[in-house]
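Reading the structure
The chain contents come next:
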Amino acid sequence: MKELITGAEALMRSLMNEGVDTIFGYPGGSIMPVFDTLFDHREDFRQVLVRHEQGATHAAQGYARSSGKVGVCIVTSGPGATNTLTGISDAMLDSTPIVVIAGQVASSVLGTDAFQEIDLVGVTQPISKWCYQIRRAEDIAWAVARAFYIARSGRPGPVVLDFTKNAQVSRVSYEPETASCVRSYVPYPKPDKEAIRNAAELISRAQRPFALVGQGVELGKAHEELKAFLEKGNIPAGRTLLGLSALPSDHPLSVGMLGMHGNLSCNMNTNQCDVLIAIGMRFSDRVTGDLTRYAKQAKVIHLDVDRAEIDKCVKADIPVIGDCKETLPLLTEYMEEGNHKEWIDSFAEYDAIEYEKVIDKALNTKEGPLKMGEVARRVSEATGNSAVLVTDVGQNQMMSCRYFKFTQPHSVLTSGGLGTMGYGLPAAVGATIAVPHRTVCVFMGDGGFQMNIQELGTIMEQRLPVKMILLNNNYLGNVRQWQEMFFDHRYSFTPMQNPDYNMIAQAYGIPSRLVKERSELDGAIREMLDTPGAFLLHVIVEKEENVMPMVPPGLSITEMVLE
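These notes cover the structure that comes with them. (Residues numbered from 1 in each chain as written. Predicted model: local features only at pLDDT ≥ 70, side-chain atom pairs only at ≥ 80, totals over all residues. Heavy atoms only, no water.)

This paragraph deals with the layout of surface pockets. Its boundaries defined by the atoms lining it, the second largest pocket holds a volume of some 470 Å³. Mapped onto the lining of the second largest pocket, the elements with two or more residues apiece are strand E11 (254–257), helix H15 (341–364) and helix H17 (395–403). Looking at side-chain class alone, the lining of the second largest pocket contains 14 nonpolar, 4 polar and 6 charged residues. (1 Å grid on protein atoms, 1.4 Å probe; cavity = no way out; pocket = protein on both sides within 12 Å on 5 of 7 lines; lining within 4 Å. Points joined across faces, edges and corners; volume = space filled by probe spheres on them. Helix = DSSP H or I, 4+ residues; strand = E, 2+ residues; numbered from the N terminus. Nonpolar A, V, L, I, M, F, W, Y, C, P; charged D, E, K, R; others polar.)

Shown next as structure tokens:
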């Protein structure tokens, strides 16, 4: 006779079958049987009690994006489940593979407005890749296998499992399952070799080709394939915010960051190139600016695993649908070697203008308040440009992404599509657990830090060596910048009266250092990196510094404001 186990135990075995080693969670009534069973699996999973369910989802995201595996969080029903919605939405927009398992009331009382009942499937269907309600213990192995397959395959994304209480406690004869296909779901479309040959021919004839590199290269682990493609074609490459570490910052063909706060050369030459090659990027409005004036002179080749992205924002002359780890080598094989020295040199001409008007002032100011960019660059250099950069959202995000340098893949974790303040601290928790051999530096503003500041408790309890850099200007800086530039300096709801962050860190047993003077910065950074465990580097920066360059909303990407 086969062993009968509870549904909660079947969940544990299914998670182990998927290779899960870490669970971020917060218990509650409707998920209690699962957490009771987790007590017996303390040797099988690292169990991380977060301080808020939103923190659980962001931690799972940080874990997933730095490790390349699926992040997992388990929460209860009602408010526990609804608190995960921001993280689920963030993961959907940024293609992050996480599985959220939420408790639910028993099947017998569904629809009765029972205590902490919420229609989680109905709520999450528009913001997840797949969601499913488990009502029977017999369905657990199938649902978990399917959830992980969908979350990690093709274009990754979040999956939600709504786990009724009766299914958790019912007994079932467990058989492990795996999923390798789902009817009507084609995660990796077969490449069209004729389209690839046509794309290769167009690139071979191009005089001014330009590659736009997105996170799809990171998700597809196609870093070496990308370099081989660029080097054979001698093609300059700009990177999106989420694709910054897809190519080393010092690669000769890496010409900077695209978009609203990107590099002048990238944006100007987007509207000068004759062939635009988009690789694993979705033409976000923050990259394109005014679409009616975006790259109208160029033939567009769009490589993407998700057919839905083709022609969604920018019409592709040649779509290449498929996993870029498979399509890039084919494209490289079919195209001719290129030589575009004069075209590549044109990027340097714009770089010189940006350096004089923006970068030199951001990095080399000798007097006055500290600048955000110089803090980011000094931290990056002190880590040998090898750290994982995690950011919150706002000016801290743009400045650290602009001035950090990247030498390794999977080195930038930031909220791109949703722009979630409060993402940084819990995402750094997940990253530190996922890649303990790497230094994780999280940059935050004083606004975003307070949105999930409670996760200092998770860092304390788990003894995580998160290096936290707080750029404090006593403003909601990004909104204040827009108020200055577009709302006649009317600073409504953006000045902030802040607590003593160093005392808060002390309360959590976390060492810290307050820096107000430029002469203190290098020593404080070294103290942070040399201190075992967590550290808060609290830096007072210029109150009304703006992130430049900037493409104002509604304008073309060539209409960048430099100062």
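Next comes the rest of the description.
Let's shift gears to the sheet that holds strand E15 (residues 388–391). To summarise the sheet geometry, strands pair through backbone hydrogen bonds and adopt either a parallel or an antiparallel arrangement. Sheet architecture is open: 6 strands sit in the order E16-E15-E17-E18-E20-E19, paired in parallel fashion. Of all the strands in the sheet, just strand E16 (412–413) and strand E19 (512–515) have a single pairing partner and so form its edges. Of the strand pairs in this sheet, strand E17 (residues 440–445) and strand E18 (residues 467–472) are connected by 5 bridges, and their pairing is parallel. Opposite methionine 444, over in E18, you have leucine 470 as the bridge partner. Lying on the sheet, H17 is in contact with E15, E16, E17 and E18; it crosses E15 at an angle near 160°. (Pairing = 2+ DSSP bridges. Contact = heavy atoms within 4.5 Å. Axes fitted to C-alpha atoms, helices over the stretch in contact; angles between N-to-C directions.)

This next bit is on the side chain of glutamate 218. Turning to its location among the elements, glutamate 218 is positioned in helix H10 (residues 216–219). An unpaired buried charge is present at glutamate 218: no salt bridge exists, and arginine 65, the closest side chain of opposite charge, is 7.6 Å distant. Among the polar contacts made by the side chain of glutamate 218, one reaches the main-chain amide nitrogen of histidine 410 at a distance of 2.9 Å. When sequence neighbours within four positions are dropped, the list of residues in contact with glutamate 218 reads His223, Ser245, Ala246, Pro409, His410 and Ser411. (Buried < 20%, exposed > 50% of the residue type's maximum accessible area, 1.4 Å probe, protein only. Lys, Arg positive; Asp, Glu negative; His and termini not counted. Salt bridge = Lys/Arg side-chain N within 4 Å of Asp/Glu carboxyl O. Polar contact = N/O pair within 3.5 Å; in protein donor to acceptor, adjacent residues only side chain to side chain.)

Below, the discussion takes up the packing of helix H11 (residues 223–233) against helix H14 (residues 324–334). In the contact formed by H11 and H14, the axes pass within 9 Å of each other and the chain directions differ by 20°. Considering their axes alone, H11 and H14 lie roughly parallel with respect to each other. The way H11 lies across H14 gives a crossing that is left-handed. Contact residues: H11 offers Glu225, Leu226, Ala228, Phe229 and Lys232, while H14 offers Lys325, Leu328, Pro329, Leu331, Thr332 and Glu333. A breakdown of the residues in the contact of H11 with H14 according to their chemical character gives 6 nonpolar, 1 polar and 4 charged. (Parallel < 35°, antiparallel > 145°, perpendicular 65-115°, else oblique. Left-handed = near helix turned anticlockwise from the far one by under 90°.)

Our next topic: the pattern of salt bridges. Using the criterion set out here, one finds 27 salt bridges in the structure. The partner of glutamate 309 in a salt bridge is arginine 155, and the shortest N-O contact between them spans 2.6 Å. Taken together, the residues span a long stretch of sequence, with glutamate 309 in the loop between strand E13 (299–304) and strand E14 (318–321) and arginine 155 in the loop between helix H7 (140–152) and strand E7 (158–164) at a distance of 154 residues. For glutamate 309, a relative accessible area of 5% puts it in the buried group. With a closest N to O distance of 2.7 Å, glutamate 484 and arginine 480 form a salt bridge. Highlighted residues: glutamate 484 and arginine 480, both in helix H21 (residues 477–486), separated by 4 residues, approximately one helical turn. Exposure remark for arginine 480: the relative accessible area of 0% places this residue in the buried category.

What follows is about the sheet that holds strand E4 (residues 71–75). Ordered by their spatial adjacency, 6 strands build an open sheet running E3-E2-E4-E5-E7-E6, and the pairing between neighbours is parallel. The sheet terminates laterally at strand E3 (46–49) and strand E6 (130–134), the two strands that pair on one side only. Adjacent strand axes in the sheet meet at a mean angle of 20° when their direction is disregarded. Where E4 meets strand E5 (residues 98–104), 5 bridges bridge the pair, whose relative direction is parallel. Within the sheet, the bridge partner assigned to valine 72 lies in E5 and is valine 99. The strands touched by H7 are E4, E5, E6 and E7; relative to E6, the strand with the most contacts, the crossing angle is about 170°.

These figures capture arrangement, not role.
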